[in-house]
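# Breakdown of the fold
This is what each chain is made of:
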Amino acid sequence: MNVWVVIPARNEQKTIGSVVASTKRLYKNVVVVDDGSTDKTKVIAAKNKAIVLSHAVNLGKGAALKTGCDYAVKNGAVVLVVMDADAQHNPQDISQFLEKMKNVDIVFGYRKLDQNMPFIFKVGNTFINHLTFLLYGIKLHDTQCGFRAFSSASYRKIRWHSPDYSMESEMISNAGRYKLRYVEVPIKTVYKDRYKGTTVMDGIKIAMNMVWWKLRR
Amino acid sequence: MILGIQIVGVLFGLAMLYITFLHGKRKEFTSKEGIFWIVAWVGFIILVVFPNVLDFIASDLLNISRTLDFLIILGFIFLIGISFYNYVLIRKGQKKLEDLVRKLALKK
């Protein structure tokens, strides 16, 4: 199976080295998309032998992932695995994803809503999870988890327009539209920075976008 | 119309005429655009000084008792329209930027 791991990154010089190194130990094709970082993210990623693609300006996670996935597909990827650059995702979990990929089109990782997840994230995630089920009929524990795997054929269908964090939900919306087979896999997550990632404003924007995508279908 | 509002309106119109003239001198828009905006601001000043000009539209056609209310409604419609226009322009610009940045990144 020609597996490509795509990691969008912005100002992650503290963690990108270990993330790339630990992923490279397991998988040959690792692409880091540097999304307009102002620190040494791309230098460190390249030092650890990742394929580094660089955005001249910051466009957002969704745009960065599209760049990486487009590149991977162009270079023959059969399965794409997307994960975060901040060491919240363990590359050793990828094997679970690949095992499930034998029978489905897309595998969603999910974080357990345990005491380590900041409260505001728990509330936001729960709300968006319910909204996803209401609008798209897709039942997921964690619609905002960025650890996922999908086939290149599925990528052509789920390829999103959103340049930002909304892409996590848009991917699900498109998966629902094309009735892709999916499954979930539990993952461990480490919350290192309580104030990073999707904010409350992002959550509101995602919720509004989800309604819009539903109407657009 | 209340005199105070008329004075403010005229001063605003004159200020906008001057700003339009400055931008035109710097060739920041075409002469057609410049003429359009000058006509718009002069028209605005005329309406502020002679609001009765609009009475037949406001009261007879649309049943709006005060011309000032009519101008405020027009103002809101204009703002909403121009907001939508700006939204479309920004979205177009975002898409072009994204496509260009991706093209440069994938040149590798």
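Residues numbered from 1 in each chain as written. Chains lettered and ligands numbered in written order. Predicted model: local features only at pLDDT ≥ 70, side-chain atom pairs only at ≥ 80, totals over all residues. Heavy atoms only, no water.

## Observations regarding the overall build of chain B
Along chain B, the regular secondary structure elements total 4 helices and 0 strands. Counted from the first residue to the last, chain B has its helices and strands arranged as α-α-α-α. Reported as C-alpha extents along the three principal axes, the dimensions of chain B are approximately 65 × 35 × 25 Å. Taking all 108 residues of chain B together, the buried fraction comes to 18%. In chain B, of all internal contacts separated by at least 6 residues, the share reaching a separation of at least 24 is 53%. For chain B, the accessible surface area stands at approximately 8300 Å², while carbon and sulfur atoms represent 74% of it. If you average the places of the 13 positive and of the 7 negative side-chain charges in chain B, the two averages end up 17 Å apart. (Helix = DSSP H or I, 4+ residues; strand = E, 2+ residues; numbered from the N terminus. Buried < 20%, exposed > 50% of the residue type's maximum accessible area, 1.4 Å probe, protein only. Contact = heavy atoms within 4.5 Å. Areas by Shrake-Rupley, 256 points an atom, 1.4 Å probe, with all protein chains shown as cover. Lys, Arg positive; Asp, Glu negative; His and termini not counted. Charge placed at Lys NZ, Arg CZ, Asp CG, Glu CD.)

## Thoughts on helix 4 (residues 67–105) of chain B
Its 39 residues give helix 4 of chain B an end-to-end C-alpha distance of 56 Å, which sits within 8% of 57 Å, the value for a rise of 1.5 Å per residue. Residues of helix 4 of chain B that are buried in the fold lie against strand 3 (51–55) and helix 3 (61–74) of chain A together with helix 3 (55–61) of chain B. (Expected span 1.5 Å × (residues − 1).)

## Some thoughts on the packing of aromatic side chains
All told, the structure shown has 11 aromatic pairs over all chains when counted by the stated rule. For the pair B:F36 and B:W37, a centre-to-centre distance of 5.1 Å together with 75° between the ring planes defines the contact as edge-to-face. A residue is classified by how much of its surface remains accessible, and B:W37, at 30% relative accessible area, is partly exposed. One aromatic cluster is present, formed by B:F12, B:F36, B:W37, B:W41 and B:F44 through successive ring pairs. Looking at A:K139, its charged tip hangs above the ring of A:F133, at a distance of 5.0 Å from the centre. (Phe/Tyr/Trp six-rings, centres within 6.5 Å; stacked < 30°, edge-to-face > 60°. Lys NZ or Arg CZ within 6 Å of the ring centre and 35° of its normal.)

## Description of the pattern of salt bridges
When their charged atoms lie close together, side chains carrying opposite charge are able to pair. Under the defined criterion, the tally for this structure stands at 12 salt bridges over all chains. Among the salt bridges present, the one from A:E168 reaches A:R148, with a minimum N-O distance of 3.8 Å. On the criterion of sequence distance, the pair formed by A:E168 in helix 7 (residues 167–177) and A:R148 in strand 6 (residues 148–151) is long-range, its members being 20 residues apart. Like A:R148, A:E168 is buried. A salt bridge links B:K95 to B:D99, with the shortest nitrogen-to-oxygen separation between them at 2.9 Å. Taken as a pair, B:K95 and B:D99 lie in helix 4 at a separation of 4 residues, close to a single helical turn. (Salt bridge = Lys/Arg side-chain N within 4 Å of Asp/Glu carboxyl O.)

## Thoughts on the pairing of strand 1 (residues 3–9) of chain A
Both faces of the sheet carry side chains from a regular strand, because those side chains alternate between them. Residues and elements named next belong to chain A. Here strand 1 lies mainly inside the structure; 7 of its 7 residues are buried. On strand 1, burial covers both faces: V3, V5, I7 and A9 on one face and W4, V6 and P8 on the other are all buried. Note: strand 1 against strand 2 (residues 29–35), 6 bridges, orientation parallel. Bridging from a neighbouring strand, W4 pairs with N29 of strand 2. The β-α-β motif built from strand 1, the intervening helix 1 (residues 16–24) and the parallel element strand 2 has right-handed crossover chirality. (Pairing = 2+ DSSP bridges. Right-handed = clockwise from strand over helix to strand, strands pointing away.)

## So, the sheet that holds strand 6 of chain A
Residue and element names in this part refer to chain A. Spatially, 3-2-1-4-6-5-7 is the arrangement adopted by the 7 strands of the open sheet, whose pairing is mixed. What marks the edges here is a single partner per strand, and that holds for strand 3 and strand 7 (182–187). When the angles between neighbouring strand axes are averaged without regard to direction, this sheet yields 20°. Note: strand 4 (residues 79–82) against strand 6, 4 bridges, orientation antiparallel. Along strand 6, the bridge assignment pairs V82 with R148. (Axes fitted to C-alpha atoms, helices over the stretch in contact; angles between N-to-C directions.)

## Describing the environment of B:V53
All names here are of chain B. When you line up the elements, V53 lands in the loop between helix 2 (31–49) and helix 3. V53 gets classed as partly exposed once you look at its relative accessible area, which sits at 45%. For the pair V53 and K96, spaced 43 residues apart in sequence, the C-alpha separation works out to 45 Å.

## Looking at the nonpolar core
Proteins that are soluble and globular tend to have nonpolar side chains buried together. Residues and elements named next belong to chain A. Counting 36 residues, the largest nonpolar core has V6, C69, L80, F150 and M210 as its most contacted members. Sort the elements by how many residues they give to this core and helix 3 lands first, with 6 residues. For V6, the residues in contact, after removing those within four places along its chain, are V31, V33, L65, G68, C69, A72, L80, V81, V82 and M83. Among the nonpolar cores identified, the runner-up in size contains 28 residues, and V20, V32, V79 and C145 belong to it. (Core = buried A, V, L, I, M, F, W, Y, C linked by side-chain atoms within 4.5 Å.)

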